[in-house]
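# Notes for the structure review
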Amino acid sequence: MRDFFTVDQKQLSFLDFGGPGRPLLAFHGHTSEASTFAPLAEALAPQWRVIALDQRGHGESDRAQSYQRADYVADIAAFHRHLGLGPVPVLGHSMGGVNAFQYAARHAGQVTSLIIEDIGAVMDADWSMVTWLPLQQPSREALTAALGELAPYLECTFREFDDGWSYSFDIDDTVRSHKALSGTYWNDWESIPCPTLLIRGADSVVLARDHAREMIARRDGQAQLVELPAGHVVHADAPEEFAATVRTFLAQLPTP
């Protein structure tokens, strides 16, 4: 079910995949949107109810004037309040992973456990790929063909506009958001008090193995690392293994 709420005069969209399970909040990365987690939500049901936000400038959410770190974290806080949930597990991929662990660090009482997918605590975000994406195409099939091997990762964002098919995100906004993502966030990472799972794609060009291991070492036994046979978008490249890893981690949590 898609729903909306308003924060700072912006309308943000989210998908509640429903079911009787315990809630799990999920946050996507750049060039994606909440619907990317549909297969995960199906795999985790009925034990878990995935609720995923279309982050500012993505999916059906409004575009914004600012894409700074504090903006994204404030959106998550408002989203959590809107849902009226108590403390919950939180999952984030890529940019959404940084958003998730910064939220966990700054709102510690609201996050019971944390799952971070293929992103580090030090970011030098490469936004160049975004500017190479093909723009308006006459049909969905033409956009798929123009994207080539990237198409499966972006197809959830495909939209039809008056002048053809393109994406639910804006290229210029995404570049601004990428640039604002760059930074060093060890203080946030090290201050997270809850159990944390870091999932790395073994073939990732975003999260280096040595950096991932350092992230685990700096958490003094509060974090664990799992590597799966995948690239940066682990939940898409290895969906069954990813879901099984998440399910196993969540099963370790005490029942409220």
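Before going into details, it helps to say that this report is about the structure given with it. Owing to the predicted nature of the structure, the values given are computational and were not obtained by experimental measurement.

Scoring rules and cut-offs
- Residues numbered from 1 in each chain as written.
- Predicted model: local features only at pLDDT ≥ 70, side-chain atom pairs only at ≥ 80, totals over all residues.
- Heavy atoms only, no water.
- Helix = DSSP H or I, 4+ residues; strand = E, 2+ residues; numbered from the N terminus.
- Rg over C-alpha atoms; globule rule 2.2 N^0.38 Å.
- Contact = heavy atoms within 4.5 Å.
- Areas by Shrake-Rupley, 256 points an atom, 1.4 Å probe, with all protein chains shown as cover.
- Pairing = 2+ DSSP bridges.
- Axes fitted to C-alpha atoms, helices over the stretch in contact; angles between N-to-C directions.
- Expected span 1.5 Å × (residues − 1).
- Buried < 20%, exposed > 50% of the residue type's maximum accessible area, 1.4 Å probe, protein only.
- Core = buried A, V, L, I, M, F, W, Y, C linked by side-chain atoms within 4.5 Å.
- Polar contact = N/O pair within 3.5 Å; in protein donor to acceptor, adjacent residues only side chain to side chain.
- Salt bridge = Lys/Arg side-chain N within 4 Å of Asp/Glu carboxyl O.

### Remarks on the overall build of the protein
Counting secondary structure elements, the protein contains eleven helices and twelve strands. In summary, the protein has a C-alpha radius of gyration of 17 Å against a globular reference of 18 Å for 256 residues, a match within 12%. Here the C-alpha coordinates of the protein stretch approximately 50 × 40 × 35 Å along the principal axes. Taking the contacts inside the protein whose residues are at least 6 apart along the sequence as the reference set, 72% of them involve residues at least 24 apart. Surface exposure of the protein reaches about 11100 Å², of which carbon and sulfur atoms provide 50%.

### Digging into the sheet that holds strand β3 (residues 22-27)
One open sheet holds the eight strands; their spatial order is β1-β2-β4-β3-β5-β6-β11-β12, and the pairing between them is mixed. Edge strands, defined here as strands with exactly one partner in the open sheet, are β1 (2-7) and β12 (223-228). Ignoring which end each strand starts from, the neighbouring axes of this sheet average 25 degrees apart. Bridging between strand β6 (residues 111-117) and strand β11 (residues 196-201) involves four bridges; their strand directions are parallel. In the strand pairing of β11, Ile 115 is matched with Leu 197. Of the strands in this sheet, β1, β2 (10-16), β3, β4 (48-54) and β5 (88-93) are in contact with helix α2 (residues 69-83), which crosses β1 at around 120 degrees.

### Here's the deal with α2
Between the first and last C-alpha of α2 there are 22 Å, a value that for 15 residues agrees with the 21 Å anticipated at 1.5 Å per step. Taking burial as the measure, the 15 residues of α2 include eleven buried ones, the bulk of the element. Restricting attention to buried positions, one finds in α2 the residues Arg 69, Asp 71, Tyr 72, Val 73, Asp 75, Ile 76, Ala 77, Ala 78, Phe 79, His 80 and Leu 83. At the exit of α2 stands Gly 84, carrying a positive phi of roughly 70 degrees.

### Thoughts on the nonpolar core
Of all hydrophobic cores here, the largest spans 45 residues; its most connected members are Phe 79 and Leu 114. Other than its neighbours up to four places away in sequence, Leu 114 contacts Val 90, Ala 100, Phe 101, Ala 104, Ile 192, Cys 194, Pro 195, Thr 196, Leu 197 and Phe 249. Grouped together as the second largest cluster of nonpolar side chains are 25 residues, Leu 44, Trp 48, Phe 242 and Phe 249 included.

### Focus: unusual backbone geometry
Here Ala 45 and Pro 46 are connected by a cis peptide whose omega angle stands at 5 degrees. Along the chain, Pro 46 falls in the loop between α1 (38-44) and β4. Notably, Asp 8 is not glycine yet its phi reads approximately 50 degrees, a positive angle. Tracing the chain through its elements places Asp 8 in the loop between β1 and β2. Take Asp 8: its relative accessible area is 61%, and that puts it in the exposed class.

### A closer look at helix α7 (residues 171-181)
Every α-helical turn comprises 3.6 residues, leaving residues that sit three or four positions apart pointing alike. Here α7 lies mainly inside the structure; eight of its eleven residues are buried. The residue sitting at the N-terminus of α7 and contributing the capping side-chain oxygen is Asp 170; that oxygen lies 3.1 Å from the backbone nitrogen of Asp 172.

### Details of the pattern of salt bridges
Throughout the structure, instances matching the rule amount to twelve salt bridges. Across the pair Asp 173 and Arg 176 runs a salt bridge, and its minimum N-O distance is 3.1 Å. Placement of the pair is Asp 173 and Arg 176 together in helix α7, with a separation of three residues, close to one helical turn. Of the residues examined, Arg 176 reaches a relative accessible area of 37% and is grouped as partly exposed. Connected through salt bridges with shared partners, the residues Glu 33, Glu 60 and Arg 159 form a single ionic network.

### Brief notes about the pairing of β2
Each regular strand displays side chains that alternate between the two surfaces of the sheet. Across the seven residues of β2, six count as buried, placing the element largely inside the fold. In terms of strand pairing, β1 meets β2 through six bridges, oriented antiparallel. Bridge pairing in β2 places Phe 5 opposite Leu 12. What sits between the antiparallel neighbours β1 and β2 is a turn of two residues, in which Asp 8 has the positive phi angle 50 degrees. As paired elements, β2 and β4 share four bridges and run antiparallel to each other. Residue pairing in the sheet places Phe 14 in a bridge with Leu 53 of β4.

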